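Per-entry structural report
One-letter residues, chain by chain:
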Amino acid sequence: MRVGLIQAIIPEFIDIWQGDQPLGLGYLSTYVKAHISDVEIYLARNEKELLDGRPELVGVSAVTYNFGEAARLARRAKDEFGSFTVLGGTHITALPESLLDSFDVGVLGEGEMTFVELIRALQNNATAVADLRKINGITFRNGEAVEITARRELIHPLDSLPFPDRTLFEASSGLKEGNVSFISSRGCPYDCAFCSSVIHWGRTIRNFSGDYLIREISEVVEKYHPKRVEFVDDLFLNDKERFRKVCEFIVSSGLSDGHLTFHLTGRANNIDEEMCKLMKSINTTQLFIGLESMSDKVLKSLRKRGVSAEINRRAVELLSKYSIPINASFIIGTPGETVDDAYLNCQFVLENLENFSYVDGGILRIFPGTKFWQDAIGKGIITESDMSGIVLDPEDIDGWKFMKSKYPLLTDTMTRGEVMIFQLLFSTFTKLVTSKHELSAKKRAIEKLMSKSIDQLGIRDTWRQLVEKVKKKIQKPTSS
Ligand code: B12
Ligand code: SF4
């Protein structure tokens, strides 16, 4: 059987979202190959590659934004080749009832075991309603109705999984440039109000063991000679003992003596001196942290447990002390957040410009199944029957215009104009942090942008005062 896998991303966004090593599809591929012999799997990077492969089965992965694109791709394959179409990933897991008729089946949550059972069913021509009802963890259409089967049990221990099939990624620019993605865990013990990870994987975190990671890193280094290993976990640093073990291996095997660097992910409350020393020992050249906000009130509204503005500040200080570049992200437009709260984030970024390798500030996204999703449904901002506000329309998209004019906002303490200006400011911060200019030149550029923002958008007095404050701040000479 010929199986075409694809990650649905609207072409306009492919470069931005660089989904070139979709690990989930890599895990599916090795798992299927380990359990079914008569199967050929390819990863398509776009519609043409998908159709050129003449797939009998199409497996599409999609987050909410790309649900519309996923349906379009599945429909194309179905119309052209009569392919059996399967959708997996976060969106369908959170909203199984939303399955469209371009898909034969939606796979909910962890996909490996379910996908194997589905392929077997297809090989045996056993995909009638009565057959599908026997497969756990799926949703499918039965005429106008959508049926959801019993929950699929989770894989325990995760180490029983084979490594993801990275041969699928060999044509990707990331792997060619020497960057290899890894993921070392599934699930998260927290339940932040905006995050859909928990809905997908549950609140129990399952880690691959340190030994598994050591074997995986060794195999990848031997095969691909990467320049950078990137752990894309929600919380890679969740287990200090495991991290210590992996670091000791990297140091003792000499990998840290060469040019290999690491990009990791953490949470501010996991950062201490020892973690920083360990990160330094393996040449960590970027740590991603969702700082989200420098206002305690906003962190509370985000349900960011175990974190405060002070803990964020302390984490940034410690990481800077050990010269570990930080990739920090902030959220704009949280319910209850005022312009002054959002200003605290700008101020913090300005104070720490030299410590960030990347900063990003995005509008609060409303993902299905989250606390904020329930709030948005309750307020009538979103309805499950009309998701046009949160799913990109593949036939009619105008990039960022969608975000600027259409994307639903949950805040009633900031206007859309104010939210957009903070978004604009953050996109300038991103450029400044990633550009090679001197710090003083960067700060002048911020000042220029701020006065332009006022002229362009004619904002209210609060914003004028805010900009004045920031101007004063950036005019002060800095220590560096
Ligand atoms: C890493 C990551 C990225 C990386 C991916 C690059 C890389 N090298 O891996 C980058 C930075 C590019 C990225 C971009 C984006 N991401 Co992202 N990302 C993640 C993250 C942290 C891990 C993804 C991953 O590898 N998971 C591990 C694998 C094993 O799981 P998986 O992919 O889900 O696949 C399993 C199952 O879902 C299922 N499955 C999935 N697809 C399919 C398909 C079939 C056919 C079948 C049978 C099964 C199946 O089986 C797989 C094996 O069990 C997740 C959160 C998370 N923990 O999952 C967010 C997450 C998926 N991203 C998210 C978002 C929103 C985005 C962006 C829109 C950007 C943004 N933040 O606004 C873009 C969109 C990209 C896209 N694909 O369209 C959200 C999605 C929420 C939603 N409901 O829409 C998540 C859940 C983050 C969050 N906490 O809210 N992302
Ligand atoms: S934002 Fe991070 S810490 Fe919060 S629930 Fe999601 S993955 Fe966990």
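In the block above lies the structure referred to throughout.
What you see is a predicted model; the values in this text were computed from it and never measured. (Residues numbered from 1 in each chain as written. Chains lettered and ligands numbered in written order. Predicted model: local features only at pLDDT ≥ 70, side-chain atom pairs only at ≥ 80, totals over all residues.)

Helices and strands together make up the secondary structure of the protein, namely 20 helices and 15 strands. The buried share among the 480 residues of the protein stands at 42%. Once local pairs closer than 6 in sequence are excluded, the contacts in the protein between residues at least 24 apart make up 73%. (Helix = DSSP H or I, 4+ residues; strand = E, 2+ residues; numbered from the N terminus. Buried ≥ 20, exposed ≤ 12 C-beta atoms within 10 Å, placed from the backbone. Contact = placed C-beta atoms within 7 Å.)

Next up on the list: the site of ligand 1. Around ligand 1, 38 residues are found, and the nearest of them are Gly24, Gly59, Ser61, Gly88 and Gly111. Elements supplying a minimum of two residues to the shell around ligand 1: α2 (23-35), β3 (57-61), β4 (84-88), α5 (90-94) and α6 (112-123). With 4 residues, the single largest contributor to the shell around ligand 1 is α2. Tallied by class, residues from the shell around ligand 1 come to 17 nonpolar, 17 polar and 4 charged. (Near = placed C-beta within 6 Å. Nonpolar A, V, L, I, M, F, W, Y, C, P; charged D, E, K, R; others polar.)

Glancing now at the nonpolar core. Among the nonpolar cores identified, the biggest contains 119 residues, and Val60, Ala70, Ala74 and Val86 are the most heavily contacted of them. For this core, the leading source of residues is helix α18 (residues 416-434), giving 9 residues. Inspection of this core shows a minimum of three residues originating in each of domain 1 (2-148) and domain 2 (159-473). Not counting residues within four places of it along the chain, the set of residues in contact with alanine 70 comprises Ala8, Val60, Ala62 and Leu87. (Core = buried A, V, L, I, M, F, W, Y, C linked by C-beta atoms within 7 Å. Domains from an automatic or database assignment.)

Taken together, Cys188, Tyr190, Asp191, Cys192, Cys195, Ser197, Val198, Asp234, Arg267 and Gly290 are the residues near ligand 2. For the shell around ligand 2, the per-class residue count stands at 5 nonpolar, 2 polar and 3 charged.

With mixed pairing, 7 strands are arranged side by side in an open sheet as β2-β1-β3-β4-β5-β6-β7. Of all strands in the sheet, those bounded by a partner on one side alone are β2 (40-44) and β7 (145-148). Direction aside, the axes of adjacent strands within the sheet are offset by 20° on average. Inspection of the sheet shows strand β1 (residues 2-7) paired to β3 by 5 bridges, in the parallel sense. Considered in β3, the bridge of valine 3 is made with leucine 57. Along the sheet, α6 contacts β3, β4, β5 (105-107) and β6 (138-142); its crossing angle with β5, the most-contacted strand, is approximately 155°. (Pairing = 2+ DSSP bridges. Axes fitted to C-alpha atoms, helices over the stretch in contact; angles between N-to-C directions.)

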